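Secondary and tertiary structure notes
Read off the chains here:
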Amino acid sequence: MSTKYLIRNASIITVWRSLGIVSGAVLDAIILAHFGLGPETDALFASLAIPLLIASALDLQTPKILIPVLTRCSEDEGDQASCDLIKVLLGTFALILGSMVLLLSVFARFLMRLQAPGFQVEALHIGVRLFLILIWLAFFQGLAPILQSFLFARHRYLVPALSKLSTTIPAIIFVGLYHKQLGIYSVALGFLVGSVFQLMLLARSEEHTSELQSHHD
């Protein structure tokens, strides 16, 4: 690969990921502007801890493992083999993550008490209800790195670089539209809407990339 190619794609990733970080800060500012500091926002941030921890760990580690595997698979067995591998991985991870989400949902009240033992009863109730929504971030954001890895292995950098932005922008819009009707729950649902949109965008890009490769072959 040429130095110009590497610099260009590194710049794409850096710029769009930086904008994603900025959009995340904007979303936090909007949450505080609408709901202030209080039991509801405390409950929100406490209920986000476990889902984001799981999603962040998968986002960090999955590409390190999958990109070399997918690259080697394409070189040894062809591009169709790597596409088939992605489908198997998505199905397997969906089953594992779905089971984990359901299990954690059963222990939602215990986990919230463990994270925030000083919560008042009402804040604890809010935190549990928020957790039952937000834990699904672990599912949707846990699947996203698999598709990102596929696209990176195919030298498709733009859509993976947009992942943070494609999560936060829909969340910002949703919170802006529905914060009065739904209260703090608009934030949890906004995060969920953003995560679903991110996964759909990655899935569509993966499908398009696979089709192009199929036509090329």
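Higher on the page you've got the structure.
Everything numeric in this text was worked out from a predicted model, so none of it was measured.

A word on the overall build of the chain. A tally of regular secondary structure across the chain gives nine helices and zero strands. Sequence-ordered secondary structure for the chain, helices as α and strands as β, is α-α-α-α-α-α-α-α-α. For 217 residues, the compact-globule estimate of 2.2 N^0.38 gives 17 Å, and the chain sits close to it at 19 Å. For the chain, the spread of C-alpha atoms along the principal axes amounts to about 60 × 35 × 25 Å. Partitioning the intrachain contacts of the chain with sequence separation of at least 6 by distance along the chain shows that 82% fall at a separation of at least 24. Summing over all exposed atoms, the chain offers an accessible surface of approximately 11500 Å²; the carbon and sulfur share of this is 69%. One finds the centroid of the 14 positive side-chain charges in the chain at a distance of 6 Å from the centroid of its 14 negative side-chain charges.

We now examine the packing of aromatic side chains. Any pair of aromatic rings gets described here by the distance separating the centres and the angle formed by the planes. Scanning the model with the defined rule gives three aromatic pairs in all. Summarising the aromatic geometry, the rings of Phe139 and Phe140 are spaced 5.1 Å apart at their centres and angled 90° between planes, so their arrangement reads as edge-to-face. Given a relative accessible area of 15%, Phe139 falls into the buried group. Centre to centre, the rings of Phe174 and Tyr178 are 4.8 Å apart; their planes meet at 45°, and the pair counts as tilted. With Phe174 and Tyr178 both in helix α8 (residues 163–182), this residue pair falls four residues apart, about one helical turn. Phe174 sits in the buried class, given a relative accessible area of 17%. Through successive ring pairs, a cluster of aromatic residues spans Trp136, Phe139 and Phe140.

Per the stated rule, a full pass over the model turns up two salt bridges. For the salt bridge of Arg129 with Glu122, the shortest nitrogen-to-oxygen distance reads 4.0 Å. Residue Arg129 is classed as partly exposed on the basis of its relative accessible area of 40%. Glu122 gets classed as partly exposed once you look at its relative accessible area, which sits at 49%. Arg204 serves as the salt-bridge partner of Glu207, at 4.0 Å between the closest nitrogen and oxygen. Placement of the pair is Glu207 and Arg204 together in helix α9 (residues 185–216), with a separation of three residues, close to one helical turn. Residue classification places Glu207 among the partly exposed residues on the basis of a relative accessible area of 40%.

Rules behind the numbers
- Each residue is numbered by its place in its chain's sequence as written, counting from 1.
- Residues qualify for local features only when their pLDDT is at least 70, as the model is predicted, and side-chain atom pairs are given and counted only at 80 or more; totals for whole chains, interfaces and linings, by contrast, use all residues.
- Hydrogens are left out, water is left out, and the side-chain values use all remaining heavy atoms of the structure.
- Only DSSP runs of H or I reaching four residues or more are called helices, and only runs of E reaching two or more are called strands; each is numbered from the N terminus.
- The size measure is the radius of gyration over C-alpha atoms, and the globule rule it meets is 2.2 Å times the number of residues to the 0.38 power.
- We call two residues in contact whenever any of their non-hydrogen atoms come within 4.5 Å of each other.
- Residue exposure ignores everything except the shown protein chains as possible cover, and the areas themselves are Shrake-Rupley values with a 1.4 Å probe.
- His is not counted, nor are the chain ends, whereas Lys and Arg count as positive and Asp and Glu as negative.
- For the purpose of locating charges, the reference atoms are NZ of Lys, CZ of Arg, CG of Asp and CD of Glu.
- Pairs were defined over the aromatic rings of Phe, Tyr and Trp, the Trp ring being its six-membered one, requiring ring centres within 6.5 Å. Orientation was assigned from the angle between planes: stacked under 30 degrees, edge-to-face over 60, tilted for the rest.
- Relative accessibility decides the category of a residue: with a 1.4 Å probe and only protein chains considered, values under 20% of the type maximum give buried, values over 50% give exposed, and everything between is partly exposed.
- A pairing counts as a salt bridge when a side-chain nitrogen of Lys or Arg comes within 4 Å of a carboxyl oxygen of Asp or Glu.

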